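Take a look at the letters that make up each chain.
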Amino acid sequence: HRHAVLHDQKNGQRYVPLSNLFDGQPPGFFTVSNSSLSEFGILGFELGYSMENPNSLVLWEAQFGDFANTAQVIFDQFLSAGEAKWLRQTGLVVLLPHGYDGQGPEHSSARMERFLQMSDEDPEDIPEIDESQWFKGGHLGGQIQKSNWQICNVTTPSNYFHMLRRQIHREFRKPLVVFSPKNLLRHPKAKSPITEFDDVDEAGEVIGIRFKRLIMDKSQTDRSPYPPVQEGVKRVVFCSGKIYFELDAEREARELEDVVHICRIEQLAPFPFDLLKREMRRYPNAEIIWCQEEPKNMGAYWHVVPRFHSCQEFLGLPSTTIRYAGRKTSAATATGFSEIHAQEQKQILLDAFEGF
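Just so it is clear, the model here is predicted, and its values are computed rather than measured.

Trainee: Whenever I open this one, the pattern of salt bridges confuses me. Can you help?
Mentor: Two side chains of opposite charge can pair, provided their charged atoms sit close to one another. Considering all chains together, one arrives at 19 salt bridges under this definition. Between Glu-287 and Arg-235 there is a salt bridge, with the nearest N and O atoms lying 2.9 Å from each other. Pair noted here: Glu-287 is in strand β11 (residues 287–295) and Arg-235 is in strand β8 (residues 235–239), with a separation of 52 residues, a long-range link. The exposure class assigned to Glu-287 is partly exposed, which follows from its relative accessible area of 30%. Among the residues examined, Arg-235 registers a relative accessible area of 6% and is labelled buried. With a closest N to O distance of 2.7 Å, Arg-278 and Glu-279 form a salt bridge. Take Arg-278 and Glu-279: they sit in the same class, and that class is buried. Salt bridges sharing partners connect three or more residues here, namely Lys-189, Asp-217, Lys-218, Asp-248, Arg-251 and Glu-252.

Trainee: Quick question: what am I supposed to make of the packing of helix α1 (residues 39–52) against helix α2 (residues 72–79) here?
Mentor: When two helices pack together, their arrangement is given by the angle between the helix axes and the distance between those axes. Following both chains from N to C, one finds α1 and α2 inclined at 30°, their axes separated by 8 Å at the closest point. It follows that α1 is roughly parallel to α2 by the angle criterion. Between α1, through Phe-40, Leu-43, Gly-44 and Leu-47, and α2, the contact on the second element is made entirely by Val-73, Ile-74, Phe-75, Phe-78 and Leu-79. Taken together, the residues of the contact of α1 with α2 sort by class into eight nonpolar, one polar and no charged.

Trainee: What am I meant to see in the pairing of β11 here?
Mentor: As a general feature of sheets, a regular strand has side chains that alternate between the two faces. Counting buried residues in β11 gives eight out of nine residues, a clear majority hidden from the surface. Bridge analysis of β11 against strand β12 (residues 323–327) gives four bridges, and the strand direction is parallel. Along β12, the bridge assignment pairs Pro-295 with Arg-327. Viewed along the sheet, the connection from β11 through helix α9 (residues 301–315) into β12 turns out right-handed.

Trainee: Would you mind going over a nonpolar patch on the surface with me for this structure?
Mentor: Taken together, Leu-18, Leu-21, Phe-22 and Phe-29 make up a surface patch of nonpolar side chains, about 410 Å² in accessible area. For Leu-21, the location among the structural elements is in the loop between β2 (14–15) and α1. Judged by relative accessible area, which is 54%, Leu-21 ranks as exposed.

Trainee: I would appreciate a short explanation of the sheet that holds β8 in the present structure.
Mentor: Sheet strands pair via backbone hydrogen bonds, and the direction of the pair is either parallel or antiparallel. Taken together, five strands build an open sheet; the order of strands is β7-β9-β8-β11-β12 and the sheet is mixed. Bordering the open sheet on either side are β7 (214–215) and β12, each of which pairs with just one other strand. Sheet analysis places β8 next to strand β9 (residues 260–265), joined by five bridges and oriented parallel. Residue pairing in the sheet places Arg-235 in a bridge with Val-260 of β9. The strands touched by helix α7 (residues 243–254) are β8, β9 and β11; relative to β9, the strand with the most contacts, the crossing angle is about 170°.

Trainee: So what exactly am I meant to see when it comes to helix α10 (residues 338–352) here?
Mentor: Since the α-helix turns once every 3.6 residues, residues separated by three or four places project in the same direction. In this model α10 runs 21 Å from its N-terminal to its C-terminal C-alpha over 15 residues, within 8% of the 21 Å that 1.5 Å per residue would give. Taken together, the buried positions of α10 are His-341, Gln-345, Ile-348, Leu-349 and Ala-352. Angularly, the buried residues of α10 cover 90° about the axis, an arc narrow enough to put them on a single face. Of the residues in α10, the exposed ones pointing more than 90 degrees away from the buried face are Glu-339, Gln-343 and Lys-346.

The rules we used
Residues numbered from 1 in each chain as written. Predicted model: local features only at pLDDT ≥ 70, side-chain atom pairs only at ≥ 80, totals over all residues. Heavy atoms only, no water. Salt bridge = Lys/Arg side-chain N within 4 Å of Asp/Glu carboxyl O. Helix = DSSP H or I, 4+ residues; strand = E, 2+ residues; numbered from the N terminus. Buried < 20%, exposed > 50% of the residue type's maximum accessible area, 1.4 Å probe, protein only. Axes fitted to C-alpha atoms, helices over the stretch in contact; angles between N-to-C directions. Parallel < 35°, antiparallel > 145°, perpendicular 65-115°, else oblique. Contact = heavy atoms within 4.5 Å. Nonpolar A, V, L, I, M, F, W, Y, C, P; charged D, E, K, R; others polar. Pairing = 2+ DSSP bridges. Right-handed = clockwise from strand over helix to strand, strands pointing away. Patch = residues over 30% accessible without salt bridge, like charges linked within 9 Å, V, L, I, M, F, W, Y side chains within 5 Å. Areas by Shrake-Rupley, 256 points an atom, 1.4 Å probe, with all protein chains shown as cover. Expected span 1.5 Å × (residues − 1). Arc of directions from axis to C-beta.

Written as structure tokens, this is what we have:
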């Protein structure tokens, strides 16, 4: 550990506190050994462990999601394609801290776009669903079984819990990649009532509270596939991840709760076509915006747009432009200057609420 050895800046002498715990401590009682800093090696080990122990919930977390690129071989060769190539399933969970907090280009982005691009889902192929099973969790059929992995970006403690819970309770195994913002660990609004961890929802509709792949606007309560139309809503902002809390705060400050609604996509792959269609039925006349923190050539933008258009076509709605609110295209994932970061973050909110 970086604090195991202290150096006197005046005379250069070294002092090891743990080698001086008690009088007469023998030499060699405490030894510092540097292990290999290898995301590639450790992720490969955890992958093998998860395959040999399929009933264990095995999680590997990068210090920051940016550092997962040094394990890219594991993602490309094994995790994303292992089942297709060798019929070997794994339920390994990969936690990649991701989110723009002004910490620079090496501590902001886990390169979500790369993982979404490796998803084998056809954006034009909307799964058939059994609406009679809507509130029982069986309406999706085999959508997840057909996918190579799951990509999530959750924003509530209860959703995080249910995401991990379903991962181990299933009768099959799929890799799970989670883009988990660090600052939501201490965000005052990133919280869940204890009832959301229960087995029965408050309305008694859902048999077993489950992971919410899409979280509808906080003002809405109807989760049926054909909710009442919200005529007064002029704009719906779709997003994923921690940017939701900044959007919600800005909306409250502008007092726009009645005309602007915000929906969070918590599972990006397999894509929640069924829930997006529900929201489009709820807001058939509203302008649709996709908002993200990442630059336009990164993040989920190019993943979600064709899926939005597929849902519009399925519902017979005009294939309107999905307006973008986010950072401009960039070679680097983020700026290294906190002032520029703050300006960019402010501009994202201005773009999302432009015209109000």
